[in-house]
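# Survey of secondary and tertiary structure
Below, each chain spelled out in residue letters.
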There are 2 protein chains.
Amino acid sequence: MSFIPSADSDFPIQNIPVGVYRAKGTNNPGKLATRIGDKVVDLATLVELGHLKGTHLSDGSAFKQSTLNAFMGMGKAAWSEFRSVISGLFTEGSATSLQNSDDLAKCLIDASEVEMLLPASIGDYTDFYASRYHATNLGIMFRGVDNALQPNWLHLPVGYHGRSSSVVVSGTNLHRPRGQTKAEDAPPAHTPCRLVDFELELGIFVGKGNDLGHPVDIKTADEHIFGFVLMNDWSARDIQKWEYVPLGPFGGKNWGTSISPWVIMREALEPFMQNGPDQSDPQVLPYLQEQQPSAYNIDLKVHLQNETDIKEPQLISHTNYNTMYWSPRQMIAHHSVTGCNMRPGDLMGSGTISGPEPANYGSMIELCWKGTKPLQLAGGAERKFLKDGDEVVITGACHGDGYRIGFGECRGRILPVVE
Amino acid sequence: MSFIPSADSDFPIQNIPVGVYRAKGTNNPGKLATRIGDKVVDLATLVELGHLKGTHLSDGSAFKQSTLNAFMGMGKAAWSEFRSVISGLFTEGSATSLQNSDDLAKCLIDASEVEMLLPASIGDYTDFYASRYHATNLGIMFRGVDNALQPNWLHLPVGYHGRSSSVVVSGTNLHRPRGQTKAEDAPPAHTPCRLVDFELELGIFVGKGNDLGHPVDIKTADEHIFGFVLMNDWSARDIQKWEYVPLGPFGGKNWGTSISPWVIMREALEPFMQNGPDQSDPQVLPYLQEQQPSAYNIDLKVHLQNETDIKEPQLISHTNYNTMYWSPRQMIAHHSVTGCNMRPGDLMGSGTISGPEPANYGSMIELCWKGTKPLQLAGGAERKFLKDGDEVVITGACHGDGYRIGFGECRGRILPVVE
Ligand SMILES: [Ca+2]
Ligand SMILES: [Ca+2]
Ligand SMILES: [Mg+2]
Ligand SMILES: [Mg+2]
Ligand code: NI
């Protein structure tokens with residue numbers, strides 16, 4: 001247990017997330033931090049005071065950067081050692097505990113005094129489509145129940161390259177986009193998006209990179225998985241519908257993708273790993289075969305609120321990441337199978353996380369079934385897609401024995417279209 | 001005329017391309033340069049000697065970086081002033097000419113003594129599909145002549161997000177990729193790609209960026225177009241075919257994209273602008289309407305060679321960038337219409353540049369018509385797609401009166417698959 005109060009917090013000493021912060025209201029460059037309870041712990045200060053040292057941590061310069069990329073690239077041994085050093089420093093009664101040190105005050109900041117920035121410089125962002133429930137739901141809506149899954153879907157984790165410039169940190173509000181849309185029996189028009197949606201996803205940060213031409217073996221893919229964030233892949237359904245054949249989503253997706261600021265490291269999630277889905281019918285190819293538990297038991301919720309008609313946040317989706325068909329290791333193996341190089345700080349989206357029941361669906365298009373079943377909310381509010389002022393808040397946690405590994409939140413509001 | 005010999009060169013004083021070089025065989029960080037004839041001109045040295053100054057050039061620190069991103073972000077007035085200062089320094093008899101200056105030798109390096117690096121740190125790479133001939137050819141092959149163009153194609157410049165990590169500079173050889181492919185009537189398999197192709201394209205570097213949520217007006221889009229390079233969008237047709245429905249090309253494209261190292265600035269190409277295609281049937285939407293000449297008259301060639309059976313480079317495609325339907329300004333306007341932010345150094349591919357006749361086709365899949373008409377080459381060699389050892393060399397130039405604005409070359413060889 002930590003001497004920093006963190007009972008009933010997303011961030012007990014078992015978590016040790018990493019992120020980038022600055023003092024609220026400043027334009028300072030970001031600084032690296034971890035978090036325990038309501039305290040942000042400055043990592044550069046820990047290095048300077050000589051507390052953050054280890055065989056695999058080199059001279060600690062990775063912790064003096066303004067993004068996590070260098071640390072992400074250091075590999076599993078360094079990540080693990082970092083966690084164990086931090087755990088020692090902030091655990092009550094440990095040999096290296098800072099509890100009674102004068103240095104303690106120098107490295108702690110109240111979480112209320114900081115603002116969080118993007119954790120990494122994201123070289124490339126790729127979005128997958130790994131939930132069988134989600135892919136099936138969309139397939140039924142657009143192609144009918146007999147052709148719901150495309151022929152390739154059970155053979156490979158379908159994904160597409162996304163836009164990294166517009167990945168934003170939780171709390172960034174986004175204007176409703178305009179774009180080219182086409183109503184049936186009308187010519188295409190340049191209009192505000194009428195079908196703004198969210199997609200509940202997890203974001204996976206790449207750790208160690210691989211060289212161009214040299215694929216990652218699924219057996220060693222964990223070296224390349226640094227950690228996880230909550231993600232909202234905002235989507236403009238009407239823009240997407242008109243543009244996406246044959247080269248995939250473009251403007252429908254590139255106007256914003258929100259992520260939570262604290263990266264939960266893979267090792268913190270290991271106690272919550274479970275067996276993945278049966279993938280023997282059809283049998284997946286050897287380069288994609290998992291040899292070990294591959295599913296993560298992460299409880300996920302989406303709340304919706306709006307100052308006008310949804311004053312109290314209302315739970316609109318509740319699901320679990322362990323419902324996914326394709327795992328993060330499989331994504332890495334498939335992404336790099338052609339020799340594609342991945343770099344520390346690259347981001348992969350899981351794809352919309354939908355479970356089997358309507359209450360588990362991870363997007364408005366599924367929740368309102370393409371507009372045919374408006375969502376009825378307490379207080380009489382009703383939604384098909386998102387209205388201006390709607391704020392979507394994603395939260396998530398792994399529930400351990402007497403503690404939880406929380407993800408914080410991924411929050412964003414839809415602002416009116418720019419005139 | 002320059003006092004540096006540059007007659008019959010791709011790089012006369014009218015060109016003034018920019019790029020990043022280092023001394024051959026070193027691991028030095030890159031330095032910015034321009035080029036005249038066979039001489040590379042070091043820009044940081046020009047700044048240090050006090051020769052590269054101007055109202056819009058600030059303190060010249062943009063020229064002391066190891067990538068062009070900062071200069072690209074400075075905008076049109078700075079780009080234009082840079083060209084006029086460089087022109088003055090190296091023109092015979094001009095007021096600021098360095099011809100008789102002791103400083104001249106300090107800033108010139110023989111092109112043979114340098115190797116060229118990627119010109120920019122590419123935040124995002126987007127590939128378009130802007131040739132009506134190319135889109136029609138592929139449509140005929142895969143859907144038949146009656147449905148060749150998709151319904152959206154004449155209404156918007158179709159594009160998709162690509163992979164920036166694997167954009168490489170000319171001269172980088174690439175291993176034939178492996179990936180998941182599916183032969184008809186056989187289950188999917190993990191195989192070497194059997195249908196390796198090239199795509200003749202131009203790459204367009206973004207200059208000034210735009211803020212998230214704030215689209216670029218087509219009338220001011222030239223501010224956002226820094227310059228052009230030759231590009232080869234290597235493609236694995238069998239991998240692409242199996243994966244691309246419904247989210248677009250992924251592993252079929254992410255194993256490498258080659259670009260030429262010298263960026264030809266937009267202003268150098270202005271004398272070669274022509275009227276674009278008629279876009280009145282159907283009429284394009286106002287946000288995409290061009291008000292000024294939008295086509296670039298750039299002559300483009302592709303040569304193929306192989307040490308075993310194609311010892312002399314053979315011309316396999318000859319076309320012109322002025323055959324494209326969608327212009328670079330239209331790409332910028334459409335890319336940002338949703339509010340998507342673009343950053344200096346982002347790269348856009350034009351899409352395969354195919355002209356009306358078979359000799360003008362810009363990819364093997366068109367040249368051999370999906371494998372049905374093997375390409376017959378001098379000396380008896382034959383090709384459908386690319387063989388190991390095949391080297392593709394793209395060249396291009398605008399032909400002026402007594403001079404040409406050349407693009408140098410974009411070269412790359414297919415190496416055997418990694419065992
Ligand atoms: Ca998504
Ligand atoms: Ca292409
Ligand atoms: Mg998105
Ligand atoms: Mg490519
Ligand atoms: Ni290699």
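Okay, so let's go over this structure. (Residues numbered from 1 in each chain as written. Chains lettered and ligands numbered in written order. Predicted model: local features only at pLDDT ≥ 70, side-chain atom pairs only at ≥ 80, totals over all residues. Heavy atoms only, no water.)

As a further point, take the overall build of chain A. The secondary structure content of chain A amounts to 9 helices and 26 strands. Against the globule reference of 22 Å for 419 residues, chain A gives a C-alpha radius of gyration of 22 Å, in line with a compact fold. With 419 residues in all, chain A has 62% of them scored as buried. A sequence separation of at least 24 residues applies to 72% of the contacts in chain A between residues at least 6 apart. Working note: accessible area of chain A is about 15300 Å², and carbon and sulfur atoms make up 49% of it. (Helix = DSSP H or I, 4+ residues; strand = E, 2+ residues; numbered from the N terminus. Rg over C-alpha atoms; globule rule 2.2 N^0.38 Å. Buried < 20%, exposed > 50% of the residue type's maximum accessible area, 1.4 Å probe, protein only. Contact = heavy atoms within 4.5 Å. Areas by Shrake-Rupley, 256 points an atom, 1.4 Å probe, with all protein chains shown as cover.)

This paragraph deals with the interface of chain B and chain A. Listed by partner, the interface residues are 58 residues for chain B and 57 residues for chain A. When chain B packs against chain A, the two sides together hide about 5300 Å² of surface, and 61% of this comes from carbon and sulfur. Three residues stand out in chain B for area buried against chain A, namely His161(B), Leu247(B) and Phe250(B), and they jointly supply 16% of the buried area on that side. Inspection of the chain B/chain A interface yields 4 salt bridges. (Buried area = accessible area lost by both parts, 1.4 Å probe. Salt bridge = Lys/Arg side-chain N within 4 Å of Asp/Glu carboxyl O.)

With that settled, the discussion passes to helix H8 (residues 328-336) of chain B. Side chains that are three or four residues apart share a direction in an α-helix, a result of its 3.6 residues per turn. In terms of residue burial, H8(B) counts as a mostly covered element, since 9 of its 9 residues are buried. Of all the positions in H8(B), only Pro328(B), Arg329(B), Gln330(B), Met331(B), Ile332(B), Ala333(B), His334(B), His335(B) and Ser336(B) are classed as buried.

For the structure on display, the rule yields 0 disulfides over all chains. As a non-bridged cysteine, Cys193(A) has Cys368(A) as the owner of its nearest cysteine sulfur, 13 Å distant. You can see Cys398(B) has no disulfide; the closest cysteine sulfur is in Cys410(B), sitting 17 Å from it. Exposure remark for Cys398(B): the relative accessible area of 0% places this residue in the buried category. (Disulfide = S-S within 2.5 Å.)

Looking now at the coordination of the magnesium ion (ligand 4). All names here are of chain B. Surrounding the magnesium ion (ligand 4) are the protein donor atoms Asp233 (OD), Lys253 (O) and Thr257 (OG1), at 2.3 to 2.8 Å. Mapping the donors of the magnesium ion (ligand 4) onto the primary sequence yields the spacing D-x19-K-x3-T. With respect to burial, Lys253 and Thr257 carry one shared label: buried. (Donors = N, O, S within 2.8 Å, 3.2 Å for Na, K, Ca; no water.)

Note on the copies: chain B fits chain A at an RMSD of 0.0 Å, the axial shift is 0.0 Å, and the rotation between them is 180°. Expressed as a symmetry operation, the mapping of one chain copy onto the other fits a two-fold axis. In terms of C-alpha distance to the rotation axis, chain B has Gly248(B) as its closest residue, with the C-alpha 2.1 Å off the axis. Comparing interface residues between copies, 98% of those in chain B also sit at the interface in chain A, which points to an isologous, same-surface contact. (Least-squares fit on C-alpha atoms with pLDDT ≥ 70 in both.)

Our next topic: the coordination of the calcium ion (ligand 1). Residue and element names in this part refer to chain A. Protein ligation of the calcium ion (ligand 1) involves Asp127 (OD), Glu199 (OE), Glu201 (OE) and Asp233 (OD), the donor distances falling in the range 2.2 to 2.3 Å. The motif formed by the donor residues of the calcium ion (ligand 1), counted along the single chain, is D-x71-E-x1-E-x31-D. Note that Glu199 is positioned in the loop between strand S12 (196-197) and strand S13 (200-206) and Asp233 in the loop between strand S14 (225-232) and strand S15 (235-236), a separation of 34 residues in sequence. With respect to burial, Glu199 and Asp233 carry one shared label: buried.

Residue and element names in this part refer to chain A. Tracing the backbone shows His303 in strand S20 (residues 299-306). The class of His303 is partly exposed, set by a relative accessible area of 23%. Separated by 89 residues in sequence, His303 and Val392 place their C-alpha atoms 5.9 Å apart. Excluding residues within four positions of it along the chain, His303 makes contact with Pro313, Gln314, Leu315, Glu391, Val392 and Val393.

Residue and element names in this part refer to chain A. A full pass over the atoms with the stated rule returns 32 aromatic pairs over all chains. Ring centres 6.3 Å apart and planes at 40° place the aromatic pair Tyr361 and Trp369 in the tilted group. What makes Tyr361 buried here is its relative accessible area of 9%. Each member of the aromatic cluster is reached from another via a ring pair, and the members are Phe63, Phe71, Trp79, Phe82 and Phe226. Cation over ring: Lys182 sits above Trp242, and NZ or CZ is 6.0 Å from the ring centre. (Phe/Tyr/Trp six-rings, centres within 6.5 Å; stacked < 30°, edge-to-face > 60°. Lys NZ or Arg CZ within 6 Å of the ring centre and 35° of its normal.)

This paragraph deals with the pattern of salt bridges. Applying the stated rule across the entire model yields 60 salt bridges over all chains. Here Arg383(B) ties to Asp309(B) by a salt bridge, and the two come within 2.9 Å at their closest N and O atoms. Taken as a pair, Arg383(B) in strand S24 (residues 382-383) and Asp309(B) in the loop between strand S20 (299-306) and strand S21 (310-320) lie far apart in primary sequence, 74 residues in all. For Asp309(B), a relative accessible area of 26% gives the class partly exposed. Overlapping salt bridges, with partners in common, bring together Asp197(A), Glu199(A), Asp233(A), Arg237(A) and Lys253(A) in one network.

Residues and elements named next belong to chain B. Topologically, Asp222 is positioned in the loop between strand S13 (200-206) and strand S14 (225-232). There is a polar contact of 3.5 Å between the side chain of Asp222 and the side chain of Arg266. Contacts of Asp222, omitting those with residues within four sequence positions, involve Lys76, Trp79, Arg266 and Arg329. (Polar contact = N/O pair within 3.5 Å; in protein donor to acceptor, adjacent residues only side chain to side chain.)

Moving on, we come to the sheet that holds strand S1 (residues 18-23) of chain A. All names here are of chain A. On the basis of which strands lie adjacent, the open sheet formed by 5 strands has the order S4-S3-S2-S1-S5 and antiparallel pairing. The open sheet has two free edges, formed respectively by strand S4 (108-110) and strand S5 (114-117), since each of these has just one partner strand. The mean angle between the axes of side-by-side strands here comes to 50°, regardless of whether they run parallel or antiparallel. As judged from the 3 bridges shared by strand S3 (residues 39-42) and S4, these two strands associate in the antiparallel manner. When the sheet's bridge partners are listed, Val41 is paired in S4 with Leu108. (Pairing = 2+ DSSP bridges. Axes fitted to C-alpha atoms, helices over the stretch in contact; angles between N-to-C directions.)

Let us look at the pairing of S14(B). Consecutive residues of a regular strand have side chains that alternate between opposite faces of the sheet. Residues and elements named next belong to chain B. Most of S14 sits out of view: 8 of its 8 residues are buried. In this structure, S13 lies alongside S14, joined through 7 bridges in antiparallel fashion. Bridge pairing in S14 places Phe205 opposite Gly227. Judged from the 2 bridges that link them, S14 and strand S17 (residues 264-265) form a sheet pairing that is antiparallel. The residue bridging Gly227 from the neighbouring strand is Met265, located in S17. Note that S14 and strand S16 (residues 257-259) share 2 bridges and pair antiparallel.

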